[in-house]
Amino acid sequence: MSNHTYIAIMAGGVGSRFWPASREDKPKQFLDIMGDGRSLLRMTFDRFLKVTTADKIFIVTNGKYKKQVKDHIPEIGDNQILCEPSRNNTAPCVAYTAFKLQQLDPEANIVIAPSDALIVNESLFADNIKKALTFTAGNDALVTLGIAPDRPHTGYGYIQFIGEQGAEGVYPVKRFTEKPDTETAKNFLRNGDYLWNAGIFIWRAKTVLDAYERYAPEIFAILAQGASCYNTPEEQSFIDEFYPQTPKISVDYAIMENAENIFTIPAQFGWSDLGAWGALYQESPKDGAGNVVTGSHTIMDDVHNSYIRGPEGKLLVVGGVDDLLIIDEGDVLVVFPRSREQEMKALRARAETDYGEEFV
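Conventions we followed
Residues numbered from 1 in each chain as written. Predicted model: local features only at pLDDT ≥ 70, side-chain atom pairs only at ≥ 80, totals over all residues. Heavy atoms only, no water. Buried < 20%, exposed > 50% of the residue type's maximum accessible area, 1.4 Å probe, protein only. Helix = DSSP H or I, 4+ residues; strand = E, 2+ residues; numbered from the N terminus. Pairing = 2+ DSSP bridges. Axes fitted to C-alpha atoms, helices over the stretch in contact; angles between N-to-C directions. Parallel < 35°, antiparallel > 145°, perpendicular 65-115°, else oblique. Left-handed = near helix turned anticlockwise from the far one by under 90°. Contact = heavy atoms within 4.5 Å. Nonpolar A, V, L, I, M, F, W, Y, C, P; charged D, E, K, R; others polar. Arc of directions from axis to C-beta. Core = buried A, V, L, I, M, F, W, Y, C linked by side-chain atoms within 4.5 Å. Right-handed = clockwise from strand over helix to strand, strands pointing away. Polar contact = N/O pair within 3.5 Å; in protein donor to acceptor, adjacent residues only side chain to side chain.

A. Main features of the pairing of strand β16 (residues 324–328). β16 sits mainly inside the fold: 5 of its 5 residues count as buried. Here β16 shows a buried face lined by L324, I326 and D328 and a second buried face lined by L325 and I327. Relative to strand β17 (residues 333–337), β16 is paired through 5 bridges, and the arrangement is antiparallel. Within β17, the residue paired with D328 across the bridge is L333.

Below, the structure written as structure tokens:
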């Protein structure tokens, strides 16, 4: 792969829908959610070593997590960790990354990806990324990886592509649609020209910054002021002062829903965004009763289709329940219908309102 290839992994979120395991001081990207001894962030970093070398992989995170990033990925240097002073959603995050990498390499060809996705076939994933990088190296294009849907999921955004205009597996995008209702999602599947939006983007730094200048001029203007600071000792003080002034908006709304030079590559490498407990349940191996159990000591009787998680050394005894989330983190125990797992973010907010920061 070209030495102009760079990876930026977004790892600054708090993972509120994975509460109570994901906490403010140790959010889900730093947890061993899959039980293989690696955090989600480490798994993502290892995956991208199939695409480029460790010195070309950058992590964008909240400043408070810098030490945890270094603990999980000791191979990278301080300049490879971009520390946001505030959570302003993904549009400012992507712009900051593009400005920094363009200053480092005017020909930078960048992959932007979340830190918390599950990828089953990592070799196929790397092949798709390399195909996208080849396309963006030769075209002023904003490329996203789209996942061929296997069910009418209402928790994902959708990408409609123009199949008859594709070349070498890369297709123009007609439109983005944020999380639809069930009937709309069913129609998308019947149409056959919709993909799930995986939030994995590929573009040259120059191409995406041109898009910011046109479609998100406020973000562009604020961060362009730091052109002489990026990759210098002055970078962090500039970011600390000016980054919080950027609008809080996603890159999907700021750029992808407005730009015209958007393309997608339909992919089937086995993907889940692991956005909430339900996604983890779906992707985990289950026992004969449909349960997923994490914990060293459990006794279960007449338990079906449930996700049960307990701390090491604690005995969990569960009986006569169906379709539940039972998550014991020691200081917080959640017992909640699995069908309502999207409410976890609101429950976390309620815990904070009622009891302060102690349990979040």
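B. Quick look at the packing of helix α3 (residues 90–104) against helix α6 (residues 205–215). Where α3 contacts α6, the two axes come as close as 9 Å, and the packing angle between them is 135°. Of the possible angle classes, the one that applies to α3 and α6 is oblique. As α3 runs across α6, the sense of the crossing is left-handed. Packed against α3, whose contacting residues are T90, A91, V94, A95, A98, F99 and Q102, the element α6 presents A205, K206, V208, L209 and Y212 at the interface. Split into classes, the residues belonging to the contact of α3 with α6 amount to 9 nonpolar, 2 polar and 1 charged.

C. Broad picture of the sheet that holds β17. Ordered by their spatial adjacency, 4 strands build an open sheet running β12-β14-β16-β17, and the pairing between neighbours is mixed. Looking at which strands have only one partner, the edges of the open sheet turn out to be β12 (292–294) and β17. Each neighbouring strand pair of the sheet contributes to a mean axis angle of 5°, computed without reference to strand direction. The pairing of strand β14 (residues 307–309) with β16 spans 3 bridges and is parallel. Paired with R309 across the strands is I327, a residue of β16.

D. Representation of helix α8 (residues 235–242). Looking only at α8, the buried set comprises E235, F238, I239 and F242. All buried residues of α8 fall inside an arc of 95° around its axis, so they share one side. If you follow the buried residues of α8, they end up packed against β3 (81–84), α3 and α7 (217–224).

E. Summary view of unusual backbone geometry. For the peptide bond that leads from W19 to P20, omega is 10°, which places it in the cis range. For P20, the position within the fold is in the loop between β1 (5–10) and α1 (40–48). Positive phi, close to 75°, is recorded for N89, a residue that is not glycine. Locating N89 in the fold gives a position in the loop between β3 and α3. Relative accessible area serves as the criterion here: at 43%, N89 is assigned to the partly exposed category. The phi dihedral of N305 falls on the positive side, at around 50°, and the residue is not glycine. Of note, N305 is situated in the loop between β13 (297–304) and β14.

F. Structural detail: the nonpolar core. Ranked by size, the top nonpolar core spans 47 residues in total, and within it L142, W203, Y212, L223 and I255 carry the most contacts. The greatest single-element share of this core, amounting to 8 residues, is contributed by α3. If sequence neighbours within four positions are ignored, I255 has contacts with L142, A211, Y212, Y215 and A216. Residues L41, F48, C83 and F125 belong to the second largest nonpolar core, which totals 45 residues.

G. Structural context of the packing of α3 against α7. Here α3 crosses α7 at 45°, and the two axes come no closer than 10 Å. When the axis of α3 is compared with that of α7, the two are oblique. In the crossing of α3 with α7, the sense of the turn from one axis to the other is right-handed. Counting all contacts with α3, which are made through A91, P92, A95, Y96 and F99, the residues of α7 involved are I219, F220, L223 and A224.

H. Spatial organisation of the pairing of β3. Alternating positions in β3 separate into two faces, I81 and C83 on one and L82 and E84 on the other, with burial throughout. Bridge count for strand β2 (residues 57–62) against β3 is 4 bridges, and the pairing is parallel. For T61, the partnering residue across the bridge sits in β3 and is C83. The β-α-β motif built from β2, the intervening helix α2 (residues 66–72) and the parallel element β3 has right-handed crossover chirality.

I. Spotlight on the side chain of S250. You can see S250 is positioned in the loop between α8 and α9 (251–256). When its relative accessible area of 11% is taken as the criterion, S250 is described as buried. A polar atom in the side chain of S250 sits 3.1 Å from the backbone nitrogen of Y253.

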